[in-house]
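Given next are the chains, with one letter for each unit.
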Amino acid sequence: MFNTRPFLALVLVASYASAAVLNFGANGLKKKAPGDVITQCTVPGTVALTFDDGPYIWETDIVDSLNAAGAKGTFFVNGNNWACIYEDSMVSRLQYAYGAGHQIASHTWAHLHLPTLDAASLNTQFFLVEDAIHKITGAYPAFTRPPYGEYNQLVQDVAASRGQTLVNWDFDNGDTAGLSGAQSLDSYRARIADHPSTILTLNHEINPSTPQIVPEVIAQLQAAGYTLVTLAECLGEAPYQYVDEPQPRDSTWTCAV
């Protein structure tokens, strides 16, 4: 369990700041009520390819595949899970994805089971990664994917107080359930054959098979007539609570919390 005391004041400040932008994000687009749980896109003909658990070593490869196809994706990042978000290489990857127009969203700080935490610990898990994303990109995220897709009423209440909308999925490629890349690709083919109006996917950028199949996944989705957009675009909402300039690196850029 993290020691939350050094961050409680900052958490409260961030929460009050978020309250001013609960209903409107960047560009004045209205967003769903914070604390809601999204499980599907709403804009017909769209697919949101989302990638959890980064930033990690294959993020740039995924971004390059998306860019080459004129597609957009969404990266739900942790602060300190498979890698520390403040490592120079991870900062570069995150800035590369953001700079190419892909959406950066929160997957909380340390990928804990959120329903087991109290309000103070939840605020810390939310705040630390929100703050990191803001420092690195200048954007303050508006969407959070709860680790393991787990949430309860307290998680929703804390998310709402922070201006965050919770996001799960309606299609899991199975890359963390032991499926091979070929099997995950078969799962995509089956989903595409059903041809739902929209698809909100779950992928994990830390699985080496996932970046390998992304180009073929993109090609098959586009061949089926889908437009590959960010999560925010597939919902017709704003991706961030606000956007300003990235901050210079200082002593607070650390995972030693």
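Residues numbered from 1 in each chain as written. Predicted model: local features only at pLDDT ≥ 70, side-chain atom pairs only at ≥ 80, totals over all residues. Heavy atoms only, no water.

- Looking at an unreviewed UniProt entry, one finds the chain named NodB homology domain-containing protein, with Ephemerocybe angulata as its source organism.
- Here is the UniProt Cofactor (unreviewed entry) comment for the chain, exactly as written: "Co(2+)".
- Per UniProt, the chain carries the Subcellular location (unreviewed entry) text "Cell membrane". (UniProt positions renumbered as here; feature names shortened; annotations may be inferred.)

## Brief notes about the side chain of Thr 201
Step number 1: The topology assignment puts Thr 201 in strand β10 (residues 199-204).
Step number 2: Residue Thr 201 is classed as buried on the basis of its relative accessible area of 0%.
Step number 3: A polar atom in the side chain of Thr 201 sits 2.9 Å from the side chain of Asn 203.
Step number 4: Leave out the neighbours within four places in its chain, and Thr 201 touches Val 47, Ala 48, Leu 49, Thr 50, Arg 145, Trp 169, Phe 171 and Tyr 188. (Helix = DSSP H or I, 4+ residues; strand = E, 2+ residues; numbered from the N terminus. Buried < 20%, exposed > 50% of the residue type's maximum accessible area, 1.4 Å probe, protein only. Polar contact = N/O pair within 3.5 Å; in protein donor to acceptor, adjacent residues only side chain to side chain. Contact = heavy atoms within 4.5 Å.)

## Description of the packing of helix α6 (residues 181-194) against helix α7 (residues 209-223)
Step number 1: Relative orientation of the contacting elements α6 and α7 amounts to 25°, with a least axis distance of 9 Å. As summarised for this structure, α6 and α7 are arranged roughly parallel, according to the angle between their axes. Like other packed secondary-structure pairs, α6 and α7 cross with a definite hand, here right-handed. Residues Gly 181, Ser 184, Leu 185, Tyr 188, Arg 189 and Ile 192 of α6 pack against Ser 209, Ile 213, Glu 216, Val 217, Gln 220 and Leu 221 of α7.
Step number 2: Residues belonging to the contact of α6 with α7 are distributed by class as follows: six nonpolar, four polar and two charged. (Axes fitted to C-alpha atoms, helices over the stretch in contact; angles between N-to-C directions. Parallel < 35°, antiparallel > 145°, perpendicular 65-115°, else oblique. Left-handed = near helix turned anticlockwise from the far one by under 90°. Nonpolar A, V, L, I, M, F, W, Y, C, P; charged D, E, K, R; others polar.)

## Examining the packing of helix α2 (residues 59-68) against helix α3 (residues 88-99)
Step number 1: The contact between α2 and α3 brings their axes to 9 Å, and the two run at 15°. As summarised for this structure, α2 and α3 are arranged roughly parallel, according to the angle between their axes. Our pair here, α2 against α3, has a crossing hand that is left-handed. Residue-level contacts link Glu 59, Thr 60, Val 63, Asp 64 and Asn 67 of α2 to Arg 93, Leu 94, Tyr 96 and Ala 97 of α3.

## Quick word on the nonpolar core
Step number 1: Residues Leu 49, Phe 75, Tyr 86, Trp 109 and Leu 221 are the most contacted members of the largest nonpolar core, which totals 41 residues.
Step number 2: Going through the elements one at a time, α2, β4 (74-77), α3, α4 (119-137), β6 (139-141), α6 and α7 are the ones with two or more residues in this core.
Step number 3: At six residues, α4 tops the list of elements feeding residues into this core.
Step number 4: In terms of nonpolar packing, the next biggest core, distinct from the first, is built from 14 residues, Ile 38, Ala 142, Leu 200 and Leu 231 among them. (Core = buried A, V, L, I, M, F, W, Y, C linked by side-chain atoms within 4.5 Å.)

## As for α7
Step number 1: Taking 1.5 Å of rise per residue, the 15 residues of α7 would be expected to cover 21 Å, and the 22 Å separating its terminal C-alpha atoms lies within 8% of that figure.
Step number 2: The largest bend along α7 reaches roughly 35° and is located at Pro 215.
Step number 3: If you check which residues of α7 are buried, you get Ser 209, Thr 210, Pro 211, Ile 213, Val 214, Val 217, Ile 218 and Leu 221.
Step number 4: Those residues of α7 that are buried lie in contact with β2 (46-48), β3 (50-54), α2, α6, β10 and β11 (227-229).
Step number 5: Count one or two residues on from α7 and you reach Gly 225, which has phi positive near 95°. (Expected span 1.5 Å × (residues − 1). Bend = angle between axes of the 7 residues up to and from the residue.)

## What to know about empty space enclosed by the protein
Step number 1: Applying the stated criterion to the full structure yields one cavity of 30 Å³ or more.
Step number 2: Contributing to the lining of the largest cavity are Leu 49, Phe 51, Tyr 188, Asn 203, Thr 210, Ile 213, Val 214 and Val 217.
Step number 3: If one sorts the elements of the lining of the largest cavity by residue count, α7 sits on top with four residues.
Step number 4: The class makeup of the residues in the lining of the largest cavity is six nonpolar, two polar and no charged. (1 Å grid on protein atoms, 1.4 Å probe; cavity = no way out; pocket = protein on both sides within 12 Å on 5 of 7 lines; lining within 4 Å. Points joined across faces, edges and corners; volume = space filled by probe spheres on them.)

## Let's talk about the state of the cysteines
Step number 1: Under the counting rule described, the total for this entry stands at two disulfides.
Step number 2: Bridging Cys 41 to Cys 234, the disulfide has an S-S length of 2.2 Å. Judged by the sign of its S-S torsion, about -80°, the cystine formed by Cys 41 and Cys 234 is left-handed. Of the two residues, Cys 41 sits in the loop between β1 (37-38) and β2 while Cys 234 sits in helix α8 (residues 231-235), which places them 193 residues apart along the sequence. (Disulfide = S-S within 2.5 Å.)

## Re the packing of aromatic side chains
Step number 1: Within this structure, the stated rule accounts for seven aromatic pairs.
Step number 2: Where Tyr 56 meets Trp 82, the ring centres are 5.7 Å apart and the plane angle is 65°; that geometry is what we call edge-to-face. Here Tyr 56 is found in the loop between β3 and α2, whereas its partner Trp 82 is found in the loop between β4 and α3, with 26 residues between them in sequence.
Step number 3: Using a relative accessible area of 16% as the deciding quantity, one classes Tyr 56 as buried.
Step number 4: In this structure an aromatic cluster arises from ring pairing among Tyr 56, Trp 58 and Trp 82. (Phe/Tyr/Trp six-rings, centres within 6.5 Å; stacked < 30°, edge-to-face > 60°.)

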